[in-house]
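Geometric and topological summary
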Amino acid sequence: MKFFAILALCVVGAIADPLSADQAALVKSSWKQVSHNEADILYAVFKAYPDIQAKFPQFAGKDLESVKDTAAFATHATRIVSFLSEVIALSGEASNLGAINNIVSKLGADHNGRGVTKAQFGEFRTALMAYLQAHVSWGENVAAAWNHALDNTMEIAFKSMEH
Ligand code: HEM
């Protein structure tokens, strides 16, 4: 019994301050307004931060305008957006905290292996927030919900990243 109580604490402890149901609902409803704009989101990220584009072997050194309409670009944009959709779908439910922790830890470890830095994840976050602010019904409550969600996500990912 004690063992299970400690185990439960460890799983929940992976996310110290989970999103409230209200905040999760705000993130879900705003994400729904843009989650079909996959390539547009990746374009905004690469445009603002060319160093992120440079980490992709298939896009490095290429003109963004010439790659943005390619199948490879659409494929990667869909991967990123689908990942976020998965995490967002799991949010707001205490029983999903362990699953969120697992997939985000793996994302951090996989990107660490590719030489992606915490600073670049921070750049991605800045570009994503700017995209959301420009494309969804925005307000202080929506901004606070996204910041809370991204604080939690980055905290988990960073635990598996070295630089
Ligand atoms: C911020 C800097 C980032 C860089 C430089 C970066 C770079 C990369 C690279 C080089 C790949 C492999 C692509 C391939 O071989 O086809 C990849 C895969 C992937 N990235 Fe990123 N990425 C970044 C951030 C993110 C973020 C924030 C997310 C999610 C929100 C994400 C989600 C994914 C997914 C789902 C894959 C495919 C699955 C995998 O191979 O792990 N990436 N990324």
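Owing to the predicted nature of the structure, the values given are computational and were not obtained by experimental measurement.

Quick notes on the rules
Residues numbered from 1 in each chain as written. Predicted model: local features only at pLDDT ≥ 70, side-chain atom pairs only at ≥ 80, totals over all residues. Heavy atoms only, no water. Donors = N, O, S within 2.8 Å, 3.2 Å for Na, K, Ca; no water. Helix = DSSP H or I, 4+ residues; strand = E, 2+ residues; numbered from the N terminus. Near = heavy atom within 4 Å. Polar contact = N/O pair within 3.5 Å; in protein donor to acceptor, adjacent residues only side chain to side chain. 1 Å grid on protein atoms, 1.4 Å probe; cavity = no way out; pocket = protein on both sides within 12 Å on 5 of 7 lines; lining within 4 Å. Sits in = over half its atoms within 2 Å of the grid points. Axes fitted to C-alpha atoms, helices over the stretch in contact; angles between N-to-C directions. Parallel < 35°, antiparallel > 145°, perpendicular 65-115°, else oblique. Contact = heavy atoms within 4.5 Å. Nonpolar A, V, L, I, M, F, W, Y, C, P; charged D, E, K, R; others polar. Expected span 1.5 Å × (residues − 1). Buried < 20%, exposed > 50% of the residue type's maximum accessible area, 1.4 Å probe, protein only. Salt bridge = Lys/Arg side-chain N within 4 Å of Asp/Glu carboxyl O. Points joined across faces, edges and corners; volume = space filled by probe spheres on them. Core = buried A, V, L, I, M, F, W, Y, C linked by side-chain atoms within 4.5 Å. UniProt positions renumbered as here; feature names shortened; annotations may be inferred.

Points about the coordination of the iron atom of the ligand
Donor atoms from the protein around the iron atom of the ligand number only one, His 111 (NE2), found at 2.0 Å. For His 111, the location among the structural elements is in helix 7 (residues 97-113).

Quick look at the site of the ligand
Taken together, 17 residues are adjacent to the ligand, and Phe 56, Gln 58, Arg 79, His 111 and Arg 114 come closest. Taking Gln 58, its side chain carries an N or O atom lying 3.2 Å from an oxygen atom of the ligand. Arg 79 has a polar side-chain atom sitting 3.2 Å from an oxygen atom of the ligand. The cavity where the ligand resides is the largest pocket. At the level of elements, helix 6 (71-90), helix 7 and helix 8 (118-135) are the ones that each hand at least two residues to the shell around the ligand.

Details of the packing of helix 3 (residues 38-48) against helix 6
As a packed pair, helix 3 and helix 6 sit with axes 8 Å apart at the nearest point and diverge in direction by 95°. On the basis of their axis angle, the class for helix 3 and helix 6 is roughly perpendicular. In contact with Glu 38, Ala 39, Ile 41, Leu 42, Tyr 43 and Phe 46 of helix 3, helix 6 contributes Phe 73, His 76, Ala 77, Thr 78, Ile 80 and Val 81. For the contact of helix 3 with helix 6, the residue count by class is 9 nonpolar, 2 polar and 1 charged.

Things to note about helix 8
Over its 18 residues, helix 8 runs 26 Å from end to end, which matches the ideal 26 Å to within 8%, given 1.5 Å per residue. Taken together, the buried positions of helix 8 are occupied by Gln 120, Phe 121, Glu 123, Phe 124, Arg 125, Ala 127, Leu 128, Met 129, Tyr 131 and Leu 132.

Concerning the pattern of salt bridges
A full pass over the atoms with the stated rule returns 4 salt bridges. Of the charged contacts, one joins Lys 47 and Glu 65 as a salt bridge, the two residues approaching to 3.8 Å between their closest N and O atoms. Of this pair, Lys 47 sits in helix 3 while Glu 65 is found in helix 5 (residues 64-67), placing the two residues 18 residues apart along the sequence. Among the ionic pairs, Arg 125 bridges to Asp 151, the shortest N-O distance being 2.9 Å.

A look at the layout of surface pockets
Put simply, the largest pocket is a space of about 760 Å³. Taken together, 27 residues form the lining of the largest pocket, with His 76, Ile 80, Leu 107, His 111 and Phe 121 sitting closest to its centre. For the lining of the largest pocket, the elements supplying multiple residues, two or more each, are helix 3, helix 6, helix 7, helix 8 and helix 9 (140-159). Split by residue class, the lining of the largest pocket holds 16 nonpolar, 6 polar and 5 charged. As a volume, the second largest pocket reaches approximately 270 Å³. In terms of lining, the second largest pocket is formed by 20 residues, of which the most central are Val 87, Ser 91, Ile 100, Ala 149 and Thr 153. Elements represented by at least two residues in the lining of the second largest pocket include exactly helix 6, helix 7 and helix 9. Top contributing element to the lining of the second largest pocket by residue count: helix 9, with 6 residues. Among the residues forming the lining of the second largest pocket, the class breakdown is 15 nonpolar, 4 polar and 1 charged.

Digging into the nonpolar core
Core analysis: the biggest nonpolar cluster contains 32 residues, and Val 27, Trp 31, Phe 46, Phe 73, Leu 128, Leu 132 and Trp 146 have the highest contact counts within it. Secondary-structure elements contributing two or more residues to this core are helix 2 (21-32), helix 3, helix 5, helix 6, helix 8 and helix 9. Among the elements that make up this core, the one with the highest residue count is helix 8 (6 residues). Among the nonpolar cores identified, the runner-up in size contains 12 residues, and Leu 97, Ile 100, Val 104 and Val 116 belong to it.

Considering the UniProt feature "domain: Globin" (unreviewed entry) in the protein chain
Mapped onto this numbering, the UniProt entry gives "domain: Globin" (unreviewed entry) at residues 18-162. Secondary structure across residues 18-162 comprises 73% helix and 0% strand; the distance between its end C-alpha atoms is 24 Å.

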